[in-house]
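Structure at a glance
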Amino acid sequence: MQKLLIVVLGLAISWTAGAADFAPALQWVKTAGGSGNTAVAAAMADARGNLYIAGSTTSLDFPTTSGTQATPGGSMLVRIDIATGSAARLLPANLPAINSLAAAPAAPATLYAAAGSQVWKSNDAGSTWAMVFQFPPGASVFGLAVDPTNSNTVYAGTSTLGIHKSTDGGLTWTAINNGIPLLRDATIDVRGIWIAPAGPRVLFGSSALGLVRSADDGNTWTMVAGGNSFSVVAFDLASPGTLYFVDGNTISKSADSGLTFLRTSSLPNQAALLAFVLDPHQSGVLYAGTSAGIYQSSDGGGTWSLKLAGVTTVLAADPNSPALYGNLSGYGIVKSTDGFATTSAVGPNEPSVVQLIAAGPKLFEISAPSTDAFVMKLDNNGNIVYSTYFGGSGSDAAVALAVGTDGSLYVTGTTNSADLPVSAGAYLFQLPSTKALSSFVLKLKPDGSRDWATYFTDGGVAAITVDSAGNPFVSGASGGGLPTTAGAYQTDFQQSVTSNGFFGVIGPLSAFVTKFNSKGTGLIYSTYVSTDNQKNVVAGAPALAVDAAGNAFIGTANNPGIVPSSGTSPSVVELNPTGTALLASAVQAGLGNVAALALDANSNVYVAGSTTSSAVKFPATSGAFQPAPLSGGGADAFVAKWDSSLTHLLAATLLGGELPDTATSVAVDTTGTVIVGGYTDSKNFPTHAPFQTSFSPRSGFVAAFDSNLSNLLFSTYLGDARPFAAHGAVPDGNGNILLAGSTLSPGGTFIGGDNGASFSVGNLLIANKIALTPAPVLRLDTVQNYASHIAGPLAPGEPILALGAGFGNGAQIIVDGVPLATVSASATKIVAVLPDTAGPSGDHTLQVSSNGTLSNLVFAPAAAAAPGIYSVDGSGAGQGYILNSDGTLNSPSNPAAPGSAVTIFVAGAGQFVISNGYAVTALTPAVFIDGFYSNGIAATAGPVNGLPGNVYQLSVFVPDLATLVNNNPDLKNFKFPPQSSVQILMGPPNALNFSNSQMVSQNGLFINIK
């Protein structure tokens, strides 16, 4: 089962006219990514059933084969030969992002690297690496220092565990924190660690509370100066016992080996101090890298003079030569042997350099991990046809792709690489600036080799398509400077700023469309589309399609913070084949952000995206599958359809649950079936004959509608316990749908209320194909908590509600192969109770059995608890089923008083035992009213008239905020809203991270308080 959960991320569909419901079945899966982060941006299929995927990756070992670029264009580790200046980008496939690098003075080829909580080691000057130790999770290593006389003695500064020491080359470590003060949370944060070169027994560490010093190899420590964990220590090699301490913009000097410090003169012009190094051959000669440039002091920090202008964040000195190094903004690494009076460039111009280290004959340049664009082609069996990087030394990312009729692939994306592998003779508008993103356009031949590639304009590209003649169209948002062509619709940047009076303005921006010729040698047309014919603002073009006549349809976006003069903006505009005029525009308030656009065989226009405002009613059409949002709020995915002239909105529907939902792709197959893919945070996302429910705080989804957007033909969650987002669900022309997306990393917290979850860059590419068999007459659509009506995890003893169709007399829910006793049933609903012995982890299989037949099989996650609070009307929302202290039902006319006791009725609290008459759950419950913790009283469990199973009944006190004023003066005069939210969390509060917890009750329940 675990394998299925990881891979169910795509669909293969075989529809006929008047398509009926379908049930999906997995055909194949492909995963890829490497040791770094991989994010899918787009996917497309051709008529032969090949799937094309594009995105970005930081992996140095992304699987490449038969492509145009086998290795990454950038690397976080560059090795430069000091004598010759020759440089090599090192590509150690297994090495994660480096926090810090240290070389062994006694053996310069021995390097130690900190990567998160791991320590890595190289014995061959960085060519190969092995992880030698991993600290506990959360204890990131930020500082490393190697004993000058023994390359096996290493010190590490960590974010929570203080300073550790290894005497066996990093294999084992011992804490040496005696004398370093603890923080309030009992941790020790030490980022930097330094060893005095004249006496290896003297060490310094920059802790969160100040600079600490040890004179006995770290056995004991004393605080010698203020500062914090980001402070820096540097030693005067030409004057033993003299060192400098940098704390922010303050530089202090010690002449007694760090026992006492005196502040030196401040840098001129209030320049921000970013880097610091001493001349190893001249006592008292200091260099400071700043926001203004490199300053020099020849008198130990008494006076300063600017030697070289330009932002400098990293400096290094070679102890074996007079060479000094710095990363000068716009020039890369520069070398100087005369105190930066003159300089010469050294090595490649790597962006985002974070550290330079001179070690023996080599200089090592450490950068933040850069991304490369990637492109992958899979055949109809999921085998790699080709896979390639595309990028330079900077950060590159593919954002969109299109497939030509001959199997050529067109890709556009962003870049700040000055050494992107572009083609001689291709149209070249401008080279990228290291200070801003540029964009690129790339064409690959059917075998994956490069046809042509070029830089284009600024980094606002968002979409690409291609016509039948092989001419690519690119669209996006521009802040000006677009290369336009004579006679185009708008050749000048016309956007102006209109502030809404409350928020800062981003922009202004203008949509644009540019059409290249098929050889990439010139532009056929290029135009701004800052307004349509009705003078509505068109600020961006994130979606693009071209019909058989060459008309370009662009899905549009607004400028954030800018109010259009008409109060609205078009959702789609149509540009004529020559780019000289707009033919039509579709203006419709309430739709939201357009993310994708597709045309059917009659050039009807479909757009998909997510709604943005609850203040404007969604323009659902008659018969729409979902005309209104579900209770709970959050943006919803939507699909809308216009006729080919953009004069009539033919259909529009929402597709969403109780939390945010986003559509990222829309496509139409030859029968007119509309396929939508995306991601959702909702547990009540509409599903129809699914193969799984939601296993993660964010899941992918794929769904299909009929051409009228009235009937949901199927809909299923995608993914496993890892957050996942789908970014392309497309028919392949052979009755299949192919899909790709990427797993995500969770991050961020949110307390109560709506969903505040955040997710970072993708980790793993996942693609597949699933066949759709006809949905059985006996169809299972969802299984919900009976109290909350949320399709979340299933807990032992939880009463559940199965919804679907075709349930006959005697229908039963089957869980993990075992039928459950039915509490009640109808043709579309069954109520049952999970056994108390049900597994609290892993997953469950769910089916409905009726008259000897079985429904589709659905997988759902198991959990130790999955609480839902009963509501008075049984809907799972609104007035909670809560008793006041006198046993009467809480209501607007019978509110509870602050400080009084109330009893909450809960389903899905998990396993419990009865002790002295009280129900003691395996996980500790915590109740929050309007976000305030409510002190518990007791809990019982037993039958309740009208409710299934043994009902968990939890009694708590309504918080009396008047008693908390002494600890929090902000609560003075605070009064609960008459209807206040109530939620229950099972298990440790975990910083009240509701957004990432599966063990919290539903939103939308309230209690009435006086």
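Residues numbered from 1 in each chain as written. Predicted model: local features only at pLDDT ≥ 70, side-chain atom pairs only at ≥ 80, totals over all residues. Heavy atoms only, no water.

1. Overview of the overall build of the protein chain
Counting its secondary structure elements, the protein chain contains one helix and 79 strands. A compact globule built from 1010 residues should have a C-alpha radius of gyration of about 30 Å, and the protein chain, at 32 Å, falls within 12% of that. Oriented by its inertia axes, the alpha-carbon framework of the protein chain measures out at about 90 × 80 × 55 Å. Residues classed as buried in the protein chain amount to 58% of the 1010 residues present. Looking at the protein chain as shown, the accessible area adds up to about 36800 Å², and 53% of this sits on carbon and sulfur atoms. Here the protein chain carries 35 positive and 54 negative side-chain charges, and the mean point of each set is 4 Å from the other. (Helix = DSSP H or I, 4+ residues; strand = E, 2+ residues; numbered from the N terminus. Rg over C-alpha atoms; globule rule 2.2 N^0.38 Å. Buried < 20%, exposed > 50% of the residue type's maximum accessible area, 1.4 Å probe, protein only. Areas by Shrake-Rupley, 256 points an atom, 1.4 Å probe, with all protein chains shown as cover. Lys, Arg positive; Asp, Glu negative; His and termini not counted. Charge placed at Lys NZ, Arg CZ, Asp CG, Glu CD.)

2. Describing unusual backbone geometry
Phi angles above zero are rare outside glycine, and alanine 689 is one such case at about 50°. In this structure alanine 689 comes out as buried when scored by relative accessible area, which is 0%.

3. Here's the deal with the side chain of asparagine 576
The residue asparagine 576 is located in the loop between β44 (570-575) and β45 (582-587) in this model. In terms of polar contacts, asparagine 576 uses its side chain to reach the backbone amide nitrogen of glycine 579, at 2.9 Å. Beyond its immediate chain neighbours, meaning those up to four positions away, asparagine 576 contacts Tyr525, Gly550, Asn551, Ala581 and Leu583. (Polar contact = N/O pair within 3.5 Å; in protein donor to acceptor, adjacent residues only side chain to side chain. Contact = heavy atoms within 4.5 Å.)

4. Concerning the sheet that holds strand β46 (residues 593-599)
As summarised here, the arrangement of the four strands in space is β46-β47-β48-β49, forming an open sheet in which the pairing is antiparallel. Lying at the two open borders of the sheet, with one neighbouring strand each, are β46 and β49 (649-655). Pairwise comparison of adjacent strand axes, ignoring direction, gives a mean angle of 15° for this sheet. Bridge count between β46 and strand β47 (residues 605-610): six bridges; the pairing is antiparallel. In the sheet register, leucine 599 faces β47, and the bridge partner there is valine 605. (Pairing = 2+ DSSP bridges. Axes fitted to C-alpha atoms, helices over the stretch in contact; angles between N-to-C directions.)

5. Digging into a nonpolar patch on the surface
Together, Val913, Tyr918 and Val920 make up an exposed nonpolar region whose accessible area comes to about 280 Å². Locating valine 920 in the fold gives a position in strand β73 (residues 918-921). By relative accessible area, valine 920 is classed as partly exposed at 42%. (Patch = residues over 30% accessible without salt bridge, like charges linked within 9 Å, V, L, I, M, F, W, Y side chains within 5 Å. Salt bridge = Lys/Arg side-chain N within 4 Å of Asp/Glu carboxyl O.)

6. Quick word on the nonpolar core
Nonpolar side chains in soluble globular proteins tend to be buried together. Residues Ile904, Val927, Ile929, Val958, Val982 and Ile1007 are the most contacted members of the largest nonpolar core, which totals 27 residues. At the level of secondary structure, the elements contributing two or more residues to this core comprise β71 (901-907), β74 (925-929), β77 (947-957), β78 (979-986) and β79 (1005-1008). Aside from chain neighbours lying at most four places away, what touches valine 927 is Ile904, Phe932, Tyr933, Ser934, Leu954, Val956, Val982, Gln983 and Ile984. Listed in part, the 20 residues of the second largest apolar core include Ala598, Leu655, Val676 and Ala703. (Core = buried A, V, L, I, M, F, W, Y, C linked by side-chain atoms within 4.5 Å.)

7. Thoughts on the sheet that holds strand β28 (residues 332-336)
Taken in spatial order, the four strands of this open sheet run β26-β27-β28-β29, and their pairing is antiparallel. Because the sheet does not close on itself, it has two edges, and the strands there are β26 (312-317) and β29 (344-345). Direction of pairing for β26 relative to strand β27 (residues 324-328): antiparallel, over a ladder of four bridges. In the sheet register, alanine 317 faces β27, and the bridge partner there is leucine 324.

8. Brief notes about the pairing of strand β63 (residues 822-825)
Relative to strand β64 (residues 829-833), β63 runs antiparallel, the two being bridged by three bridges. Counted as the bridge partner of threonine 822 is alanine 832 from β64.

That is the geometry; function is a separate question.
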